[in-house]
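Results of the structural survey
In case you want the letters, here they are:
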Protein chains: 2
Amino acid sequence: MKKDTRSLLLEVGVEMISINGFNNTGIAEVLKAAGVPKGSFYHYFDSKDDFGIQVIDHFCVGYFEWIEQFLGDKDYTPLTRLRALIQEYMVRFKAKNYACGCLFGSLSQELAGQSELFRAKLQEAFEKLLLRLEALFAEGQACGEIPSTIRPRDLAEFYLNAVEGTIIRCKVLKSDAPMDLFLAMFFEHLCKIQQPLKFNV
Amino acid sequence: MKKDTRSLLLEVGVEMISINGFNNTGIAEVLKAAGVPKGSFYHYFDSKDDFGIQVIDHFCVGYFEWIEQFLGDKDYTPLTRLRALIQEYMVRFKAKNYACGCLFGSLSQELAGQSELFRAKLQEAFEKLLLRLEALFAEGQACGEIPSTIRPRDLAEFYLNAVEGTIIRCKVLKSDAPMDLFLAMFFEHLCKIQQPLKFNV
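A quick note: this is a predicted structure, and the numbers were derived from the prediction, not measured. (Residues numbered from 1 in each chain as written. Chains lettered and ligands numbered in written order. Predicted model: local features only at pLDDT ≥ 70, side-chain atom pairs only at ≥ 80, totals over all residues. Heavy atoms only, no water.)

Points about the confidence of the model for chain A
Predicted coordinates in regions of low pLDDT should not be interpreted in detail. For chain A, per-residue confidence averages 91 on the pLDDT scale, and 93% of positions sit at 70 or higher. Quick note on the complex model: pTM equals 0.90, ipTM equals 0.89. (pLDDT = per-residue confidence, 0-100.)

Below, the structure is given as structure tokens:
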């Protein structure tokens, strides 16, 4: 089935923005790469910002379906599913020579300080991801795979934030090594804490 | 003492690039903000890329002097010094409404996939920072403040990467909360591990 023009522009947008950032991606380039005539853009989008927001929404649909293939696979334990997801993520990241990392992370870095519109949209995307991770860690605690010494929400926050920074360092080193170290620290250790932690947050 | 034109341009560059990113910072804007005539730029810099690289070098000089005021203050234990540094960092970050985070992190996110020149320069900056953190953690182990169960290099890598991601999330939430959680996890727990960890990396 031939893709409709709007979806095609959004997909090209995801690809180009992931690599070059939002500010550095021109509408003309997107249209050219998609093979779509110039006049069409404002038929589908009110502005470049509107396009950017719709790119994030479009990315989210595919992204959350994709992670669910791993995180929702009840044949495996919660932590095994999370490991499988990050392993598949790293295979894809490496295949692109570590040139693009996490769209949420890179757009946050670029735009959260510049635009309230993007900041709010990215916060929404992160929150959705956090809720999914929180549920996964809660499931791991319920089945006894993870001790119940850290709140699932805290584990989710810690995991997500550390992964975001680790992706940046993989990008700079063009290597899996930072992620390997993080996963070792997280899975071998933080997920096995037997003593309750005292947090003030 | 009046600053020389080159230093002035570099300082304005650090400020503008920290907030807007490299691609989104125009040379004309930098010159205008610095109140320097247009013709001067190519007297000091070969190209915009050359300017960007010199901005990183210029930032590094001040940055490493600044962190040393904390990390080198032998009146306090190594972990106390690190806490003091991150607390001061967060005060500054908050004062700017969380709009700019870590110059190394944001430029890495933006440029590491686009430019080998910037990727190599940022890797160099991260490596210098990692060596400083590694020495700090080694000092903490030598004085018994941190158990010697994790290699200082691994602690440094883990700390730095997690902080980079946590800064992104503080930016998106416009809040200290992600950093508070990270510090609690790191200082209350990872720095107190009594059992050796088995890493394969």
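Digging into the packing of aromatic side chains
The relative placement of two aromatic rings is captured by the distance of their centres and the angle of their planes. Residues and elements named next belong to chain A. Taken as a whole, this structure holds 49 aromatic pairs over all chains when the rule is applied. Judged by centre distance (5.4 Å) and plane angle (75°), the rings of Tyr63 and Phe104 are edge-to-face. Placement of the pair is Tyr63 in helix α4 (residues 48–71) and Phe104 in helix α6 (residues 103–111), with a sequence separation of 41 residues. You'll find Tyr63 and Phe104 in the same group, each marked buried. Each ring, one from Phe186 and one from Phe187, has its centre 5.5 Å from the other, and the planes form 85°; the classification is edge-to-face. (Phe/Tyr/Trp six-rings, centres within 6.5 Å; stacked < 30°, edge-to-face > 60°. Helix = DSSP H or I, 4+ residues; strand = E, 2+ residues; numbered from the N terminus. Buried < 20%, exposed > 50% of the residue type's maximum accessible area, 1.4 Å probe, protein only.)

Concerning the interface of chain B and chain A
Between chain B and chain A, the residue contacts involve 49 residues of the former and 49 residues of the latter. Carbon and sulfur atoms supply 69% of the area that chain B and chain A bury against each other, a total of about 4,400 Å² over both sides. Interface area lost by chain B to chain A is led by B:Gln109, B:Arg169 and B:Met185, which between them contribute 17%. At the junction of chain B with chain A, the criterion picks out 2 salt bridges. In this structure, B:Glu157 and A:Arg169 form a salt bridge, with 2.6 Å as the shortest nitrogen-oxygen distance. Across the chain B-chain A interface, the total number found is 10 residue pairs in polar contact (both at pLDDT 80 or more). Secondary structure elements with two or more residues in the side of chain B that touches chain A: α1 (5–20), α6 (103–111), α7 (116–142), α8 (152–173) and α9 (177–188) of chain B. (Contact = heavy atoms within 4.5 Å. Buried area = accessible area lost by both parts, 1.4 Å probe. Salt bridge = Lys/Arg side-chain N within 4 Å of Asp/Glu carboxyl O. Polar contact = N/O pair within 3.5 Å; in protein donor to acceptor, adjacent residues only side chain to side chain.)

Quick notes on the pattern of salt bridges
By the definition in use, this model includes 26 salt bridges over all chains. Here B:Lys121 ties to B:Asp57 by a salt bridge, and the two come within 2.7 Å at their closest N and O atoms. With a gap of 64 residues between them, B:Lys121 in helix α7 and B:Asp57 in helix α4 (residues 48–71) connect regions that are remote in the sequence. For B:Lys121, a relative accessible area of 13% corresponds to the buried category. For the salt bridge of B:Asp154 with B:Arg151, the shortest nitrogen-to-oxygen distance reads 3.1 Å. Among the ionic contacts, a cluster of salt bridges with common partners joins A:Glu127, A:Glu134, A:Arg153, A:Glu157 and B:Arg169.

So, the environment of B:Phe158
You can see B:Phe158 is positioned in helix α8. Note on B:Phe158: relative accessible area 3%, which makes it buried.

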